[in-house]
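Observations on the model geometry
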Amino acid sequence: MLALLCAAALSPATAATAAKLHAGAPFLPTRQHLLAQGWQPLEVHRHDDDEFMGTEKALRQQAIAEVESCAMDRAICIFNYRKGRQCLRLFTEGEQVSKMKIHRWARECVQLH
């Protein structure tokens with residue numbers, strides 16, 4: 001019921017996006033849907049000189065630059081998107097990019113440095 005109320009309060013484009021966001025959904029197809037809906041990847045490490053390792057490195061090698069970070073102690077990664085004035089942060093589970101699943105999401109903007 002709460003999900004229906006939230007979806008009704010969203011704009012049509014956002015409601016279409018919300019319909020695809022659910023826990024357990026595969027990350028890569030969900031990402032493709034977001035991009036098709038006009039969400040833009042937000043690269044938070046554009047000006048960093050950090051060398052990426054592990055899952056972050058694998059994601060960046062696949063041109064998934066919107067990864068903010070991946071935890072070292074738990075297979076959780078954070079991704080950032082923007083569509084107009086809206087922001088979306090996706091949290092995924094899984095260490096292999098092809099097997100990552102949506103864990104949760106938030107309608108919040110990351111603070112850029």
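I will try to describe carefully the structure that is included in this document. (Residues numbered from 1 in each chain as written. Predicted model: local features only at pLDDT ≥ 70, side-chain atom pairs only at ≥ 80, totals over all residues. Heavy atoms only, no water.)

Tallying each qualifying case throughout the model produces 5 salt bridges. Taking the shortest distance from any N to any O, the salt bridge between E66 and R31 comes out at 2.5 Å. Here R31 lies in helix α3 (residues 27–36) and E66 lies in the loop between α4 (54–61) and β2 (67–70), a separation of 35 residues in the sequence. We note that E66, like R31, is buried. (Salt bridge = Lys/Arg side-chain N within 4 Å of Asp/Glu carboxyl O. Helix = DSSP H or I, 4+ residues; strand = E, 2+ residues; numbered from the N terminus. Buried < 20%, exposed > 50% of the residue type's maximum accessible area, 1.4 Å probe, protein only.)

So, on to α4. Of all the residues in α4, the buried ones are T55, E56 and L59. When α4 is viewed along its axis, its buried side chains cluster within an angular range of 100° and face the same direction. For α4, the exposed residues set more than 90 degrees away from the buried face come down to G54 and Q61. A63 sits one or two residues past α4 and shows a positive phi near 60°. (Arc of directions from axis to C-beta.)

Under the criterion given, the structure shown has 2 disulfides. Here C70 is linked by a disulfide to C77, with a sulfur-sulfur distance of 2.0 Å. On the sign convention where negative means left-handed, the S-S torsion of about 110° between C70 and C77 marks this disulfide as right-handed. Both residues of the pair, C70 and C77, belong to the buried class. What pairs with C87 in a disulfide is C109, and their sulfur atoms sit 1.8 Å apart. (Disulfide = S-S within 2.5 Å.)

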